[in-house]
Protein chains: 2
Amino acid sequence: PSWPQRASFCPPGMEARGGKCVSSACAPQAHPLIDAVRNAELAEYDRTVRERFDAIVPTLKEIAGLQHEAGFEQRAQQIAGERLGFTLPEAVLADAWITTLDMRALYGHSVLQTYHWLARDFTARWDGHAEAQAVERFFIECGFHEVDISSCADGRLKGLLQFVLRLPHQAVHRRKSYAGALFDVELNVKHWTETELRRFREGVPTTSDAGTRYLKIAVYHFSSSDPEHEGCAAHGSDDTRAAQAALDRLAAFRTAIENGFCCGASVATLLIGVDTDTDAIRVHVPDADGAMRTDCAVDNLAVYRQTAGMAASEARWRLDTAIDEAAREHGRSAPESGMRRLIERLLTNNLSQIDYVCAQHNGRYADIGHAERFINIGDGFDEVFLRNLAYFGHLHTIEEGAADMDVGVKILSGLYVARGLPIPIAIHHRYDAQVPGSRERAVARCRRVKSAIETRYPHVAKEGLFIAA
Amino acid sequence: PSWPQRASFCPPGMEARGGKCVSSACAPQAHPLIDAVRNAELAEYDRTVRERFDAIVPTLKEIAGLQHEAGFEQRAQQIAGERLGFTLPEAVLADAWITTLDMRALYGHSVLQTYHWLARDFTARWDGHAEAQAVERFFIECGFHEVDISSCADGRLKGLLQFVLRLPHQAVHRRKSYAGALFDVELNVKHWTETELRRFREGVPTTSDAGTRYLKIAVYHFSSSDPEHEGCAAHGSDDTRAAQAALDRLAAFRTAIENGFCCGASVATLLIGVDTDTDAIRVHVPDADGAMRTDCAVDNLAVYRQTAGMAASEARWRLDTAIDEAAREHGRSAPESGMRRLIERLLTNNLSQIDYVCAQHNGRYADIGHAERFINIGDGFDEVFLRNLAYFGHLHTIEEGAADMDVGVKILSGLYVARGLPIPIAIHHRYDAQVPGSRERAVARCRRVKSAIETRYPHVAKEGLFIAA
Ligand SMILES: [Zn+2]
Ligand SMILES: [Zn+2]
Ligand SMILES: [Zn+2]
Ligand SMILES: [Zn+2]
């Protein structure tokens, strides 16, 4: 592949086979509870996206080789159109004769064009509205009228919804990423307020007396193969610290709602860890009062291994029991029935993904480390859900989002700047067509963030920064 | 006075008397509708605050004259304590012998200490809670469950609530200032949402079926004496442009609510202009549908002049009539009865302030131009309400608030940096003691803004920047 590779080693539980690490616990497509059809669709999608990105470097190399030939510009555009699906900037091609072809400009352009193509393709490919409605109904049956997920900005979590949790993104209206999953409590209180007002004014999605709650899920991550190096960069690759920090943020949000609003206002919270090597999740089981601990969790990779050979009903029972066992082991009460049902669903969904990684990646990704292609920042850039595609952070200003951006720039500098490539950065801001001037303000915000990036990271900017507003 | 003075001239309607400009239309304390007791209290308060600030320069000059004498540090602290009410930083005094006393550091320290003293004094002096409750009830009777005022960040409007409109600040929960009164529509939608949710959840201040509305008031400003130079800097001192820009922002906010929320959601809006030379207001009268025009307004200085000699009941009738006349003159319908009542109250309140400026300032401020003592930015710094005390802007980041900050730095650079003095800058951010970590995040935000200022305005920072978090 064209993206950087980390020197491979075989951790415990894996064995070297044909130069690759293969999980000894991995029996692909053998598990009774997986969605094989969806796994095949996802594999095809994953392959398409990676091929698109992987075509960039060889295509540009070939074009570079032609730059001194006659009819270069036409040839270059023809090759780009055929292999990459878009044209290259005329001005860059036309200026090649002056010194040499500006490959860095072409590379940045190509990455962002590919990204835009994928975003359009994604929308066309996954029309998940019917599925999303079913999932929303399921959430409400579990007692949650809104499910809000904040994960780490780490690109290895970019497949969280589509792949790891198998939730249609349209069913999770609030999803924002922050370095270390350290989401913004005040902003979350704002979202809670908006959701509740809608319930009171419009009775959507549930009426105010329905007894349902807003559920906030925080997602941290770790690396089972190389825990000391490939865990969460924002927490020094310390799993317990990453989990505890996310747990503290969840508690702060819950307290903010309970203290800031009267009349029994509260929210539900849930903590999930993702092993970015295998995409297996670890769900921290809340007790009957909603309290969680970093050490009380269901390890879904263990569940997968235990249940792989069973009949479906037996596997379902086993998974169910795992939740009780996690609670009992720590002398804690079992979760509320709605929360418990949700956890069962998430664990079951994730079994498909564990199986997918078994089938497609021999049970462990080859790129267990960072291999993001670009940085995606701003607000609303959900069109492409794919692991390690982009480092993505929710931010409105570099001044406030500096912590998130610093981590991203550091990671991608290691990947690209060292090889002489620029870091493509896409800046997105949503606007509301119903609010006058919203679009203009979003464009102005993108421009402002762009110039703030150029100020804060002058070396990156000089190295060739590309922005898509 | 120790603050900079603009070369004076006598505009039309004023006459030179004893080196000062005196308004020929000014008959102080003669108006039948004014609150003479409050005027006396305000005059005393105004005098106290100005004396405090005016004492700084002569006191520091005296201290500077002693720096080579024996026992300097003790003497200096004694003088500062007696005249200024606080001590000076030990380290600055102790280092005087090295080269010379750092007067710029002492000046910045003194301005901010004085400001903090005043903030404490203000809270002790004006316990307006009972008055505020009465005003809130009055607003609700007029049909407004929340009154939200955004004015220009210009320091000449810092007395807007306490002096110009005579509204207790506790009755106006939302008050934020922006250069040119260009308030943040998205943030305002957030405030509207919070207010509405509280009504739905708690029935406070009115229940959701009360039929009351959220009222947003925008306040622009102009200079009757020197309209081309002393109007709003953010709009090139063009009154019509300033009024139109505020009107557009109000319309955008109303549309955002009407389009963004269903079921007949709407807000009321009102546009007010302030003549910063006289503190007289101009109220733009909405028609029955709430629409306003920049040229359809009641000029309260004219009302003052017309009604000064009348009996109270006659003056009241005349003021009332002025509202109808403004509408009729432009062939427009009269405002709704609640809006009309509110306008009557605001005009009447402002008559006291026009009279106050007559009595205390001969009908026109000597400092018609800028004379702010410091810049106050952030969130929540309402403790001191006094004209020309501070340039004040609502901002969370310099990146987003650069437009506001640029205007402030430009104004105060002209006033102070040219004279070799630093620009004192106070950064405030509110926190909610009930939200865990809120205080820490507010402190971090202040520090972040401080360092952003140092980056954006390196010359200002080098010239001696002082921050109070
Ligand atoms: Zn992370
Ligand atoms: Zn956002
Ligand atoms: Zn202004
Ligand atoms: Zn604020």
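One structure accompanies this document, and this report is about it. No experiment lies behind these values; they were computed from the predicted model shown. (Residues numbered from 1 in each chain as written. Chains lettered and ligands numbered in written order. Predicted model: local features only at pLDDT ≥ 70, side-chain atom pairs only at ≥ 80, totals over all residues. Heavy atoms only, no water.)

Description of the overall build of chain A
At step 1: For chain A, the helix and strand inventory stands at 15 helices and 12 strands.
At step 2: Its C-alpha atoms give chain A a radius of gyration of 23 Å, near enough to 23 Å, the size a compact globule of 469 residues would have.
At step 3: In terms of principal-axis extent, the alpha carbons of chain A reach across some 75 × 60 × 40 Å.
At step 4: Sequence-distant contacts in chain A: of pairs separated by 6 or more residues, those separated by 24 or more amount to 72%.
At step 5: Distance between charge centroids for chain A: 1 Å, based on 53 positive and 63 negative side chains. (Helix = DSSP H or I, 4+ residues; strand = E, 2+ residues; numbered from the N terminus. Rg over C-alpha atoms; globule rule 2.2 N^0.38 Å. Contact = heavy atoms within 4.5 Å. Lys, Arg positive; Asp, Glu negative; His and termini not counted. Charge placed at Lys NZ, Arg CZ, Asp CG, Glu CD.)

Considerations on the coordination of the zinc ion (ligand 1)
All names here are of chain A.
At step 1: Only C152 (SG), H221 (NE2) and C232 (SG) from the protein reach the zinc ion (ligand 1) as donors, at distances of 2.0 to 2.2 Å.
At step 2: Each donor residue of the zinc ion (ligand 1) belongs to the same chain, and together they define the spacing C-x68-H-x10-C. Remark: C232 occurs in the loop between β5 (213-222) and α9 (239-260) and C152 occurs in strand β3 (residues 144-152); sequence separation between them is 80 residues.
At step 3: Taking relative accessible area as the criterion, C152 reaches 4% and is therefore assigned buried. (Donors = N, O, S within 2.8 Å, 3.2 Å for Na, K, Ca; no water. Buried < 20%, exposed > 50% of the residue type's maximum accessible area, 1.4 Å probe, protein only.)

Observations regarding the relation of the copies chain A and chain B
At step 1: By a simple turn and slide, chain A fits onto chain B: the slide is 0.0 Å along the axis, the RMSD is 0.0 Å, and the turn is 180°. When the rotation and shift are considered jointly, the pair of chain copies conforms to a two-fold rotation axis. Taking C-alpha positions as reference, the residue of chain A nearest the rotation axis is L197(A), located at 2.5 Å.
At step 2: Most of the interface of chain A is mirrored in chain B, where 100% of its interface residues are also at the interface. (Least-squares fit on C-alpha atoms with pLDDT ≥ 70 in both.)

Here's the deal with the coordination of the zinc ion (ligand 3)
All names here are of chain B.
At step 1: Bound to the zinc ion (ligand 3) on the protein side are C152 (SG), H221 (NE2) and C232 (SG), at distances that span 2.0 to 2.2 Å.
At step 2: Each donor residue of the zinc ion (ligand 3) belongs to the same chain, with the gaps between them written as C-x68-H-x10-C. Note that H221 is positioned in strand β5 (residues 213-222) and C232 in the loop between β5 and α9 (239-260), a separation of 11 residues in sequence. The same class applies to H221 as to C232, namely buried.

Considerations on the packing of aromatic side chains
At step 1: A full pass over the atoms with the stated rule returns 21 aromatic pairs over all chains.
At step 2: Relative to F374(A), the ring of F53(A) has its centre 6.4 Å away and its plane inclined at 25°; by these criteria the two rings are stacked. With F53(A) in helix α1 (residues 36-54) and F374(A) in strand β9 (residues 374-378), this pair connects stretches of sequence that are 321 residues apart. The two residues F53(A) and F374(A) agree in class, both being buried.
At step 3: Through pairs of rings, three or more aromatic residues link up here, namely F53(A), Y115(A) and F374(A).
At step 4: Across the ring face of F222(B), the terminal group of R282(B) is positioned such that the distance to the ring centre comes to 4.0 Å. (Phe/Tyr/Trp six-rings, centres within 6.5 Å; stacked < 30°, edge-to-face > 60°. Lys NZ or Arg CZ within 6 Å of the ring centre and 35° of its normal.)

A short note on helix α14 (residues 438-456) of chain B
Along an α-helix, a turn takes 3.6 residues, which lines up residues three or four apart on a common side.
Residues and elements named next belong to chain B.
At step 1: Here α14 spans 26 Å end to end across 19 residues, near enough to the 27 Å set by a 1.5 Å rise per residue.
At step 2: Along α14, the residues that are buried comprise S438, A442, C446, V449, A452 and I453. Within α14, the buried residues cover an arc of 130° as seen down the axis, which keeps them to one side. Seen from the open side of α14, the exposed residues pointing more than 90 degrees away from its buried face are R447 and T455. (Expected span 1.5 Å × (residues − 1). Arc of directions from axis to C-beta.)

Here's the deal with the sheet that holds strand β8 (residues 297-299) of chain B
Residues and elements named next belong to chain B.
At step 1: As summarised here, the arrangement of the 6 strands in space is β4-β3-β5-β6-β7-β8, forming an open sheet in which the pairing is mixed. For this open sheet the edge positions go to β4 (174-178) and β8, each flanked by a neighbour on one side alone. Averaged over all pairs of adjacent strands, the angle between their axes in this sheet comes to 20°, without regard to strand direction. (Pairing = 2+ DSSP bridges. Axes fitted to C-alpha atoms, helices over the stretch in contact; angles between N-to-C directions.)

Section: the state of the cysteines
Residues and elements named next belong to chain B.
At step 1: Going through the model one piece at a time under the given rule, you end up with 2 disulfides over all chains.
At step 2: At a sulfur-sulfur separation of 2.3 Å, the disulfide partner of C262 is C263.
At step 3: By relative accessible area, C262 is classed as partly exposed at 31%.
At step 4: Relative accessible area serves as the criterion here: at 52%, C263 is assigned to the exposed category.
At step 5: Lacking any disulfide linkage, C296 is separated from the closest cysteine sulfur, that of C142, by 19 Å.
At step 6: A relative accessible area of 0% places C296 in the buried class. (Disulfide = S-S within 2.5 Å.)

What to know about the pairing of strand β6 (residues 268-275) of chain B
Residue and element names in this part refer to chain B.
At step 1: Taking burial as the measure, the 8 residues of β6 include 8 buried ones, the bulk of the element.
At step 2: Of the two faces of β6, the one carrying A268, L270, I272 and V274 and the one carrying T269, L271, G273 and D275 are both buried.
At step 3: Here β5 runs beside β6; their pairing, made up of 8 bridges, is parallel. Within the sheet, the bridge partner assigned to Y220 lies in β6 and is G273.
At step 4: Crossover handedness for the path β5 to α9 to β6: right-handed.
At step 5: Sheet analysis places β6 next to strand β7 (residues 281-284), joined by 4 bridges and oriented antiparallel. Considered in β7, the bridge of V274 is made with I281.
At step 6: Between β6 and β7, which pair antiparallel and follow one another directly, the connecting turn spans 5 residues, one of which, D279, has a positive phi of 65°. (Right-handed = clockwise from strand over helix to strand, strands pointing away.)

A short note on the environment of T48(A)
All names here are of chain A.
At step 1: With respect to the helices and strands, the residue T48 is situated in helix α1.
At step 2: With a relative accessible area of 17%, T48 lands in the buried category.
At step 3: Expressed as a C-alpha distance, the spacing of T48 and R340, which sit 292 residues apart in the sequence, is 36 Å.
At step 4: When neighbours within four sequence positions are excluded, T48 is seen to be in contact with W117 and R125.

Some words on the pattern of salt bridges
All names here are of chain A.
At step 1: Counted by the stated rule, this structure contains 58 salt bridges over all chains.
At step 2: A salt bridge links R387 to D367; the nearest nitrogen and oxygen atoms lie 3.2 Å apart. Of this pair, R387 sits in the loop between β9 and β10 (390-394) while D367 is found in the loop between α12 (337-361) and β9, placing the two residues 20 residues apart along the sequence.
At step 3: Given the relative accessible area of 7%, D367 is considered buried.
At step 4: Because the salt bridges share partners, they merge into one network encompassing E146, R174, K190 and E194. (Salt bridge = Lys/Arg side-chain N within 4 Å of Asp/Glu carboxyl O.)

Some words on the sheet that holds β5(A)
Residues and elements named next belong to chain A.
At step 1: An order of β4-β3-β5-β6-β7-β8 is seen for the 6 strands of this open sheet, with the pairing classed as mixed. Strand pairing shows two members of the sheet lacking a second neighbour, β4 (174-178) and β8 (297-299), which therefore form its edges. Taking each pair of neighbouring strands and ignoring which way they run, the sheet shows an average axis angle of 20°.

Notes on α1(A)
All names here are of chain A.
At step 1: Between its terminal C-alpha atoms α1 stretches 26 Å, which fits the 27 Å expected from 19 residues at 1.5 Å a residue.
At step 2: When we look at burial in α1, the residues that qualify are N39, L42, A43, Y45, D46, T48, V49, R50 and F53.
At step 3: Close packing links the buried residues of α1 with α2 (56-65), α5 (103-125), α7 (160-165), α12 and β9.

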